[in-house]
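Spelled out, the chains give:
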Amino acid sequence: MRDTLNILKRGIPVVGLVHEPFEKLARLQAAQLGVPEAPLLVYPQDLPDKDGPEVIETKAREVVTRAKAILRGASPGQIPEVALSAAEAASDYRHIQCSIDGECGLMSDVYTVADVEGFTTLTFEQGWTDGLPVLPPTEAGVRTMLDYLKRDPYDIIGVIPPGDGIATIEKIAINAVMAGCLPEYLPIIVAAIEAMLEPAFELNRVQCTTGGPAALAIISGPVVKALGLNYGPGVFSGNGARANATIGRAIKLALWNIGLGKPGQLSQATFGHPAGYGYVLAERPPDDDNPWEELHVSAGLSSSDSAITMFPAGSHLQIATGIGAKTFDDNIEVIADSICHLGNFYAATQKLVVVNPQAALAFHQAGWTKEMFRDALLERCLRSVGDLKHVGGVSTTLANHWTTLVDINDDNALVPAMLDARHLQILVSGGWASPSSPCLIIYSMHGEMVTKHFPFVV
Amino acid sequence: MTLSVLSPGAETRPVESGQPLQVIDVLDNLRVALVWSGHAATVKFWPVLERTVEALLHPREVRRVNKPSTWNAASPEEIDDFAREIDYAIVGVGA
């Protein structure tokens, strides 16, 4: 869609092809980006296994004939009802006009309500929340955030897709207040936005794709203890730690309110991610049962640095590894087998293995470094071409699709699940484990994690 | 006692001042860019579409642009790279 619009804006005649199920997304995005009349050609989605060559040929002829007519000036077709509602939706968003309010002194529009109940009603009417109630972003609360950060509220961090909302410091601070953050959390949230806007992260995919990923925020370094982040029992779930819950929540609200990644509108997530309300993981500090190099140190930062790593997480798989109860060779085999399931072997993609402290210490005491643990997994995470043929043509255009890595005519050839060490990240977190020794595997959808340092003085 | 709150919604990026929609009377013998997002659902369709464009629209020149990422928009530089050398474009397929 964006490519169609960007070509159009150069004055070049263009037509953009869109599959029927995604017409609403395309028209809403076109309206949101200021071109509601974009020349789109909507046609039935391809069914690769059902559409034989004759069907595809016929469809191609119809598409090209219609494209020709559109390029010659014909209307793309009666604008369907959905397009009108899309334009209306866009105008709803656009009602927010930037004008310096003398009373407030900030750029944002001010709404006045009778009380907290009235505010809650307002948030749902305005679409300011994904369903969970939020706190009122008063001027005083936002000012306290901004005073801590000591940055110009009008500083622009970037433009968040798919809605292309401008992420200013002020807007990020407002969403942080709504999430219940303390001011000290704001530098982390700003760094998270910066990380997600790096092209490698593929934020537009994270916000829009049917795969329904979620942005996982991994926090590491001295900030973890200083802010009381939970890196122990129940690290991913509701564990009572304000920092874990509200930092993740603020990131989500920024993606929601600034980026407009809303299901059924600009997001087409089929199921969505259960951690979509907020997804934070704090890494265990080196002085508290983490014998291995911290994640941000592996990314080139110093152990004395504080950092956030944003990971485009597709799935979240908890497994029982039996570390401490079985041989290390058995443990590696179990983890490798779990990484290599067919449901996530369409391409070599980045994975994150979260190891519990008991397991990490067991390996460490037996002489295993993090690199040895990682390399043992890389060696084992292979499947044969014969196995992978079951997954057919899923996403064959991905750069690291399995068909590009080996001779696809050799059923015995082995395909790697990850390309290299960069593709397999490991960290230690969570509580002490039982003999089942649960560990976690988190799969990237396709993009890769991005690490950002942020200033934090303990 | 009332409560004043600030809107969390952001201003959207200003729309670039673009050209008005352009049309072409005759497509024959023009230069076309076929810009493919590489979406998995169109792996079989797109090559057929490319052939069909050549057969039915008779372009003088075909510029095939296969994007490395389905979801990342092409950069302005990437678009500029082919925009100067084409008369029209067909882009697909938006998922």
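Just so we're clear, the structure is a prediction, and the values are computed from it rather than from any experiment.

### A few points about helix H8 (residues 186-196) of chain A
An α-helix turns once per 3.6 residues; consequently, residues spaced three or four apart project the same way. In terms of residue burial, H8 of chain A counts as a mostly covered element, since nine of its 11 residues are buried. Turning to H8 of chain A, its buried residues are Leu186, Ile188, Ile189, Val190, Ala191, Ala192, Ile193, Ala195 and Met196 of chain A.

### Remarks on the interface of chain A and chain B
Contact with chain A, which involves 85 residues of that partner, is made by 53 residues of chain B. Take the side of chain A that touches chain B: its biggest share by element is 10 residues, from helix H3 (residues 53-71) of chain A. Here four bridges tie strand S3 (residues 110-113) of chain A to strand S1 (residues 3-6) of chain B, and the two strands are oriented antiparallel to one another. Each bridged residue has a counterpart across the sheet, and for Val110 of chain A the counterpart in S1 of chain B is Leu6 of chain B.

### Describing the packing of helix H7 (residues 169-179) of chain A against helix H11 (residues 242-257) of chain A
Residues and elements named next belong to chain A. In the contact formed by H7 and H11, the axes pass within 8 Å of each other and the chain directions differ by 130°. In terms of axis orientation, H7 runs oblique to H11. Pair H7 / H11 crosses with right-handed handedness. Contacts from Ile172, Asn175, Ala176, Met178 and Ala179 in H7 reach Thr246, Arg249, Ala250, Leu253, Ala254 and Asn257 in H11.

### Description of the nonpolar core
Judged by nonpolar contacts, the single largest core of 108 residues is most densely connected at Ala176, Ile189, Ala192, Ala217, Ile308 and Met310 of chain A. Sorting elements by how many residues they give to this core places H8 of chain A first, with nine residues. In this structure, Ala192 of chain A is in contact with Ala217, Ile251, Ile308 and Met310 of chain A, ignoring residues within four places of it in sequence. Residues Leu5, Leu17 and Cys208 of chain A together with Leu34 of chain B belong to the second largest nonpolar core, which totals 49 residues.

### Focus on the pairing of strand S2 (residues 31-36) of chain B
Residue and element names in this part refer to chain B. Among the six residues in S2, five count as buried, and that is most of the element. The sheet contact formed by S2 and strand S3 (residues 61-66) spans six bridges and is parallel. The residue bridging Ala33 from the neighbouring strand is Arg63, located in S3. In this fold, S2 hands off to helix H1 (residues 45-57), which returns the chain to S3; that crossover is right-handed.

What counts and what doesn't
- Residues numbered from 1 in each chain as written.
- Chains lettered and ligands numbered in written order.
- Predicted model: local features only at pLDDT ≥ 70, side-chain atom pairs only at ≥ 80, totals over all residues.
- Buried ≥ 20, exposed ≤ 12 C-beta atoms within 10 Å, placed from the backbone.
- Helix = DSSP H or I, 4+ residues; strand = E, 2+ residues; numbered from the N terminus.
- Contact = placed C-beta atoms within 7 Å.
- Pairing = 2+ DSSP bridges.
- Axes fitted to C-alpha atoms, helices over the stretch in contact; angles between N-to-C directions.
- Parallel < 35°, antiparallel > 145°, perpendicular 65-115°, else oblique.
- Left-handed = near helix turned anticlockwise from the far one by under 90°.
- Core = buried A, V, L, I, M, F, W, Y, C linked by C-beta atoms within 7 Å.
- Right-handed = clockwise from strand over helix to strand, strands pointing away.

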